[in-house]
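Observations on chain architecture
The chain contents come next:
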Amino acid sequence: MGVVSSKRIWYYRLSFNHRSTLMHKTLSRFILFFLPIVLGLPGFALGTHALEIPLGALLPLTGSASSNGASGKAAVEVAVEDINTYFAREGIPAHVSLTIMDTATDPTQTLAAIQTLANQGIRSIVGPYASSSLAAIQDYASQNEILVLSPASSSVDLSLADTIFRMVPDDT
């Protein structure tokens, strides 16, 4: 019994670290790849020294998918840190700021969270994870020209030409 538990713990650690690393790399690439698009969207202020690029994250920190939310939070924080380090090293006068909101894996709470982020001028968002939560914000995001990257939504119904990008294939 002790050997099985040890193997499960070891597998979980490997799996968690692998998922976090993959998500971190993917988020870093996403931010850099879409940076020219993001800079063209409204809601970005040029300060006296640097362009502030606000990024929101809609993560299931509580609720039924909270284990995904914890790894997602770690990944997006590291990705933002890496991007800011890159900007500083290359002398690029820009800085990504991050605002994380808990969706609680609840569509109603997810809609309220994206509205809060939009009211703060945030027009680029990572998340949500659940297809039901993504469906709840789809119209709002499109109507308000909010760029959304969902790392886990897989519903076929969400494969539309809008402002939402998904990192996983459909359920089909």
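These figures come from a predicted structure and were not determined experimentally.

When you go through the protein chain residue by residue, the secondary structure sums to four helices and six strands. The secondary structure elements of the protein chain, listed N-terminal to C-terminal, are α-β-β-α-β-α-β-α-β-β. When each of the 172 residues of the protein chain is scored for burial, the buried share is 40%. Of the contacts made within the protein chain by residues no fewer than 6 positions apart, 57% connect residues no fewer than 24 positions apart. For the protein chain, the computed accessible surface area is about 9200 Å², with 59% contributed by carbon and sulfur atoms.

Once that is clear, we can look at unusual backbone geometry. With an omega of -5°, the peptide bond running from Gly127 to Pro128 counts as cis. With respect to the secondary-structure elements, Pro128 resides in the loop between strand E4 (124–126) and helix H4 (131–143). Backbone geometry at Thr105 places phi at a positive 55°, although glycine is not the residue there. Looking at where Thr105 falls in the secondary structure, it is placed in the loop between strand E3 (94–102) and helix H3 (107–119).

Our focus in this paragraph is the pairing of strand E5 (residues 147–150). Alternating positions in E5 separate into two faces, Leu147 and Leu149 on one and Val148 and Ser150 on the other, with burial throughout. Summarising the sheet, E4 and E5 pair through three bridges and their orientation is parallel. In the sheet register, Ile125 faces E5, and the bridge partner there is Val148. Following the backbone out of E4, through H4 and into the adjacent parallel E5, one traces a crossover that is right-handed. The pairing of E5 with strand E6 (residues 164–166) spans three bridges and is classified as parallel. Note that in E6 the partner of Ser150 across the bridge is Arg166.

Turning to the side chain of Thr103, a few remarks are in order. The topology assignment puts Thr103 in the loop between E3 and H3. Setting aside residues up to four positions removed in sequence, Thr103 forms contacts with Leu58, Leu59, Pro60, Gln109, Thr110 and Pro128.

Turning to the nonpolar core, a few remarks are in order. Of all hydrophobic cores here, the largest spans 14 residues; its most connected members are Leu58, Ile114, Ile125, Ile137, Ile146 and Val148. Dropping the residues within four chain positions of it, Leu58 is found in contact with Met101, Thr103, Thr110, Ala113, Ile114, Leu117, Ile125, Val126, Gly127, Pro128, Tyr129 and Ile137. Counting 13 residues, the second-largest nonpolar core is a separate cluster that includes Val80, Phe87, Ala94 and Tyr129.

Scored by pLDDT, the protein chain has a mean of 76; 65% of the residues are at 70 or more. Model confidence for the protein chain, summarised as mean pLDDT per element, is weakest for helix H1 (residues 2–39) at 47 and strongest for H3 at 98. Predicted confidence is poor over residues 1–20, with pLDDT under 50, and the contacts of this stretch with residues over four places away or in other chains come to five contacts.

Moving on to the environment of Ala50. Inspection of the secondary structure puts Ala50 in the loop between strand E1 (45–46) and strand E2 (51–59). Note: C-alpha distance between Ala50 and His95 (45 residues apart in sequence) is 6.7 Å.

Before going further, it helps to spend a moment on the packing of H3 against H4. For the pair H3 and H4, interaxial distance at closest approach is 8 Å and the crossing angle is 35°. The handedness of the crossing between H3 and H4 comes out as right-handed. Listed contacts from H4 to Pro107, Thr110, Leu111, Ile114, Gln115 and Ala118 of H3 are Ser132, Ser133, Ala136, Ile137, Tyr140 and Ala141. Tallied by class, residues from the contact of H3 with H4 come to eight nonpolar, four polar and no charged.

This brings us to the packing of aromatic side chains. Where two aromatic rings form a pair, the distance of their centres and the angle of their planes describe that pair. Under the criterion given, the structure shown has one aromatic pair. Aromatic pair Tyr86 and Phe87: ring centres 6.2 Å apart, planes at 50°, arrangement tilted. Residue classification places Tyr86 among the partly exposed positions, given a relative accessible area of 31%. For Phe87, a relative accessible area of 1% gives the class buried.

Parameters and conventions
Residues numbered from 1 in each chain as written. Predicted model: local features only at pLDDT ≥ 70, side-chain atom pairs only at ≥ 80, totals over all residues. Heavy atoms only, no water. Helix = DSSP H or I, 4+ residues; strand = E, 2+ residues; numbered from the N terminus. Buried < 20%, exposed > 50% of the residue type's maximum accessible area, 1.4 Å probe, protein only. Contact = heavy atoms within 4.5 Å. Areas by Shrake-Rupley, 256 points an atom, 1.4 Å probe, with all protein chains shown as cover. Pairing = 2+ DSSP bridges. Right-handed = clockwise from strand over helix to strand, strands pointing away. Core = buried A, V, L, I, M, F, W, Y, C linked by side-chain atoms within 4.5 Å. pLDDT = per-residue confidence, 0-100. Axes fitted to C-alpha atoms, helices over the stretch in contact; angles between N-to-C directions. Left-handed = near helix turned anticlockwise from the far one by under 90°. Nonpolar A, V, L, I, M, F, W, Y, C, P; charged D, E, K, R; others polar. Phe/Tyr/Trp six-rings, centres within 6.5 Å; stacked < 30°, edge-to-face > 60°.

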